[in-house]
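Chain residues, written in single-letter form:
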Amino acid sequence: MCNDGGHGMITLTINGKQHQVDAPDDTPLLWVLREWIGMTGTKFGCGVAQCGACSVHVDGEVQRSCQIHVGDVGSAKITTIEGLSPDGSHPVQRAWLEHDVPQCGYCQSGQIMAAAALLAQKPRPSDADIDEAMTNICRCGTYNRVRAAIHTAADLAGKV
Amino acid sequence: MTASIGLGRRFFLASTAAGAFSLGWKIPAAQAATGAEVGIWAEIHADDTVIVRIARSEMGQGTLTGLAQLVADELDADWSKVRAEYVAPEVNNARKRVWGDMSTGGSRGIRASVDYVRAGGAAARAMLIQAAAQKWNVAAAECSASDSVVTHSLSGRRLRYGELAEAAAKLPVPEKPVLKTPAQWKIIGKGVKRLDTAEKLTGAQKYAIDVILPGMLNAAIAQSPVFGGKLVSFDAAKVAGMPGVRHVLAVDDNAVAVVADKWWQAKTALEALPVTWDEAGNGKLSSAEIARHLAGGLDAAEAGLGQKQGDLAAGLKAAAKTVTATYGTPFLAHATMEPMNCTAQFADGKVEIWVASQNGDASLAAAAEAGGVKLGDVKVNKLHLGGGFGRRGQQDYTRQAVLIAKQVPGRPIKLIWSREEDMQHDFFRPITQAKMTAGLDKDGNVTALHARLSGQSIVAYLSPSRLVNGVDPVAFQGWAADEFGYMAIPNLLIDHAMRNTNVPVGFWRGVNANQNTIYMECFIDELAHAAGRDPLAFRQALMAKNPKHLAVLNAVAEKAGWGKPLPAGVFRGIAQNYAYGSYVAAVAEVSVSAKGAVQVHRIVAATDPGYVVNPQQVAAQIEGSFAYGLSALFYGENTVENGRMVEGNFDSYQILRMAEMPKVESVIVPSGGFWGGVGEPTIAVAPPAVLNAIFAATGKRVRQMPLKNQGFFPA
Ligand code: FES
Ligand code: FES
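Residues numbered from 1 in each chain as written. Chains lettered and ligands numbered in written order. Predicted model: local features only at pLDDT ≥ 70, side-chain atom pairs only at ≥ 80, totals over all residues. Heavy atoms only, no water.

Draft legend 1. Examining the overall build of chain A more closely. When helices and strands are tallied, chain A shows five helices and five strands. The helix and strand sequence of chain A, counted from the amino end, reads β-β-α-β-β-β-α-α-α-α. The C-alpha radius of gyration of chain A comes to 16 Å, within 12% of the 15 Å expected for a compact globule of 160 residues. With respect to the principal axes defined by its C-alpha atoms, chain A has extents near 50 × 30 × 25 Å. Taking all 160 residues of chain A together, 61% fall into the buried category. In chain A, the proportion of contacts linking residues at least 24 apart, taken out of those at least 6 apart, comes to 52%. Summing over all exposed atoms, chain A offers an accessible surface of approximately 5900 Å²; the carbon and sulfur share of this is 49%. In chain A, which carries 12 positive and 17 negative side-chain charges, the distance between the mean positions of the two groups comes to 8 Å. (Helix = DSSP H or I, 4+ residues; strand = E, 2+ residues; numbered from the N terminus. Rg over C-alpha atoms; globule rule 2.2 N^0.38 Å. Buried < 20%, exposed > 50% of the residue type's maximum accessible area, 1.4 Å probe, protein only. Contact = heavy atoms within 4.5 Å. Areas by Shrake-Rupley, 256 points an atom, 1.4 Å probe, with all protein chains shown as cover. Lys, Arg positive; Asp, Glu negative; His and termini not counted. Charge placed at Lys NZ, Arg CZ, Asp CG, Glu CD.)

Draft legend 2. Broad picture of the overall build of chain B. Broken down by element type, chain B carries 16 helices and 28 strands. Over its C-alpha trace chain B gives a radius of gyration of 27 Å, about what one expects of a compact globule, namely 27 Å for 715 residues. When the backbone C-alpha atoms are referred to their principal axes, chain B occupies close to 80 × 75 × 50 Å. Taken over 715 residues, chain B has a buried fraction of 63%. Excluding contacts between residues fewer than 6 apart, the proportion of contacts in chain B whose partners are at least 24 apart in sequence is 78%. Accessible surface, chain B as shown: approximately 24700 Å² in total, 54% of it carbon and sulfur. Charged side chains of chain B number 71 positive and 64 negative; the gap between the two group centres comes to 1 Å.

Draft legend 3. Structural context of the domain arrangement of chain A. Residues and elements named next belong to chain A. On domain assignment, one finds that chain A holds domain 1 (7–83) and domain 2 (91–159). Opposite the 16 residues of domain 1 that make contact, domain 2 presents twelve residues. Carbon and sulfur atoms make up 59% of the area that domain 1 and domain 2 hide from each other, which totals about 1100 Å². Among the residues domain 1 hides against domain 2, the three largest losses belong to K43, H57 and I81. Together they make up 38% of the total. Taken together, the links from domain 1 to domain 2 amount to seven residue pairs in polar contact (both at pLDDT 80 or more). Contributing elements (two or more residues each) for the side of domain 1 that touches domain 2: β3 (55–58) and β4 (61–64). (Domains from an automatic or database assignment. Buried area = accessible area lost by both parts, 1.4 Å probe. Polar contact = N/O pair within 3.5 Å; in protein donor to acceptor, adjacent residues only side chain to side chain.)

Draft legend 4. Structural view of the pairing of strand β16 (residues 350–355) of chain B. Residue and element names in this part refer to chain B. Among the six residues in β16, five count as buried, and that is most of the element. Here strand β15 (residues 341–347) pairs with β16 via six bridges, running antiparallel. Across the sheet, the residue bridging to A347 is K350, located in β16. What sits between the antiparallel neighbours β15 and β16 is a turn of two residues, in which D348 has the positive phi angle 50 degrees. Note that β16 and strand β17 (residues 378–382) share five bridges and pair parallel. (Pairing = 2+ DSSP bridges.)

Draft legend 5. Representation of the confidence of the model for chain B. Residues and elements named next belong to chain B. Mean pLDDT over chain B works out to 94, with 95% of the residues at or above the 70 mark. Scored below 50 in pLDDT, residues 1–32 shows 77 contacts in the model against residues more than four places distant or in partner chains. Overall fold confidence for the complex sits at a pTM of 0.95, while the interface term, ipTM, reaches 0.96. (pLDDT = per-residue confidence, 0-100.)

Draft legend 6. Spatial organisation of the sheet that holds strand β7 (residues 158–160) of chain B. All names here are of chain B. Overall, antiparallel pairing links the three strands, which are arranged β5-β6-β7 in an open sheet. Of all the strands in the sheet, the pair left with one neighbour each is β5 (143–146) and β7. Sheet twist, expressed as the average angle between the axes of neighbouring strands with direction ignored, equals 20 degrees. Both strand β6 (residues 149–152) and β7 contribute to a ladder of three bridges, which runs antiparallel. When the bridges of β7 are listed, T151 appears paired with R158. Its contacts with the sheet place helix α4 (residues 161–169) against β5, β6 and β7, and it is angled at close to 75 degrees to β7. (Axes fitted to C-alpha atoms, helices over the stretch in contact; angles between N-to-C directions.)

Draft legend 7. How the structure looks around the interface of chain A and chain B. With 53 residues of chain A at the contact, the number on the chain B side is 72 residues. The partner of R34(A) in a salt bridge is D210(B), with the nearest N and O atoms 2.9 Å apart. Listed by contribution, the elements that provide at least two residues to the side of chain A that touches chain B are α1 (29–37), α2 (91–98), α3 (108–121), α4 (127–133) and α5 (143–159) of chain A. (Salt bridge = Lys/Arg side-chain N within 4 Å of Asp/Glu carboxyl O.)

Draft legend 8. Just the domain arrangement of chain B, in detail. For chain B, the domain assignment lists domain 1 (8–201), domain 2 (208–280 + 340–416) and domain 3 (287–332 + 428–714). Averaged C-alpha coordinates put domain 1 of chain B and domain 2 of chain B at centres separated by 34 Å.

Draft legend 9. Quick look at the side chain of Q576(B). Residue and element names in this part refer to chain B. Structurally, Q576 can be placed in strand β22 (residues 571–579). You can call Q576 buried: its relative accessible area is 3%. At 3.0 Å, the side chain of Q576 forms a polar contact with the side chain of Y486. In contact with Q576, not counting residues within four places along its chain, are G485, Y486, T517, E521, M543, H549, L553, V584, A585 and V685.

Draft legend 10. Inspection of the pattern of salt bridges at higher detail. Residue and element names in this part refer to chain B. According to the stated counting rule, one finds 47 salt bridges over all chains in the structure shown. Linking D377 and K374 is a salt bridge whose minimum nitrogen-to-oxygen distance equals 3.9 Å. What makes K374 exposed here is its relative accessible area of 60%. By sharing partners, the salt bridges in this structure join D73, D76, R125, K180 and K186 into a single network.

Structure representation (structure tokens):
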């Protein structure tokens, strides 16, 4: 009955710390983070790569963790919303605070991770860059504030 | 039917690592010491922290912050020291509901609480002043309060609220405290920052889906895919050996759940579980059949009356020209970002739940009923909602969690719906059609208007006792005599042929105003066109009896520069409405490519909610209403085949994204004297403003939503 592919202890590097998890290889990273490790900042929204609520960084690139099998992570470094900054001081987080971006907030972990990855790649993104990179769904409709906050975050990051 | 497979008692904590958190989290971080309750709305601590009690629910709409502003202003509190905390439903119940109604819907969060929460703040302020006066042995009238400090004006003596709270709490609560006048407001009307943002930026905010408790198990559920179907049997043995699986359980007579150590294991096993359903004769229902059912209502002789003025038949007869058009909108899922979920524990005849709910009272009642226990034996932990939009007023998921927990006593069970369950077992926005008929005289004046609705009724589905002589008043939302903006039309008939189906329907951000406003505002545009008049001028002429509607319409037209030239290929559309106590209007600027790509360049949206608590949050709700309303306009449709919903996830139920989101300029024009809602009114004008602009651009009237079925898509 167990069609769980490979099995055994997997070592993951998350937010700079090593975690041992006993999960089948084909378990989505999203659920390993949430259930095996107990880090719930990364959210479940669809499970089919549509919404981006589950976005994390894998070696600095934004990826949808519901689509990553934990067995495929290997030695890649995972960063989640909990590890983006030690104290909420990442320029994206500061800009989000300044613009009071979140409404319900449920999509915002994913939005913030996507925005942080965009800024790491393009420190001064244009509106077109933002349109292309920010494909996460926000049901509350915070898009315009997300956009404004990304521009502010670019300013803040430029200042340090 | 197998009730449960008794698996071994392997036990380990769902989490032993960073994410585990203990009971009793508060919003925000819990205060160590309890302060003094000065009246019922404010708890004041020695360090001057003011905790404002919140009975309604925060689902993103900003009500938590707005309510705190109302209390804090009347209290003359230092806003930087104000926090907010939910009232527990069972405590409200035990204390004879002193905190009032907990339901949060219909844009009522602020407007239906404003009087008593302001009075609560004012009462607390009077008590603090009285306490200071007694300490100083002076008259209360010689003392004043500001920024959480009471001052004795003659001597200049000062005492902080934190120093006075204990004494103040012992004083009687004044019954009729004096409220401030609007001119005296310091916090009300200010765009202060939300109180609930910081936690949402770091992953620290715990939603119901994030609850982790010692010994907790997780449940995945499958409900009868056919509406009205029943669970017949399932073969638990087939999944018993799968990783983590503990129980396979029937839930009510129409669902089956797998309980496992992890939700992912439960979901994986559920997908492998053989289940037999009884369609109970409902397996043939289709959207095509529903459309025929509704079409039959458009000309039916019998219909429930919404409102009537003058003589419709005479008005149509006298017309030089008659215009008729039929419009329609589909079923729509709410698709909150956080799927339905609830954690429940049944132990020693008591039930405890952790839930995101738009109605704490309803959650309490549902948990008691499902658990078979008294209201007093239920504890409800309310958490912020990952979206509500009307969906979380219903408590089906709460009930299920308790039914499962009752079969696994002693263990907390977290039930999470998959996105597919969430989308296919919603209480959908009801499907309706409207046949609009009007007469114009030779000068293009409207002599008569008939709006005939046909379609499903929310009230008939959810609370038939609220039908009035068989008529659903909600069906006419925005069109009652005291709401409708075109009362100058001399001969008017608005009626509804109720045509129900077995698809569950419910309140969906802005129903039924949002369907009705599409019908009315697009049809008024059609009439303007038939009369050869400018759409703005045509509306203005019809608003002689509706000055507040007119003022908002004019405000939006002015800000949008109505009538001024636009870049080549860009066209404007306009719409207005009144609902949930507020007047709204919008102008959309749109261009449409030859292939049908619709670019919405700019939205200007005006609102008159009477008084404004927080203009920043009003603007956020206006922006969000466009995202939600335009998602529905472009993409939104849930279709029925073989008795069940076809669309299951965001791939087939698309949502507007960043690249498609227009610029939105808010124009807030509070005229004072009343408190209107802001979460929902604007959604009603979003689609018709864009539809009327599409007509201006293309000459094409789209009358059946969504646009994706009519050859239009977002650029
Ligand atoms: S949950 Fe991964 S994209 Fe939606
Ligand atoms: S803030 Fe609610 S879904 Fe984005």
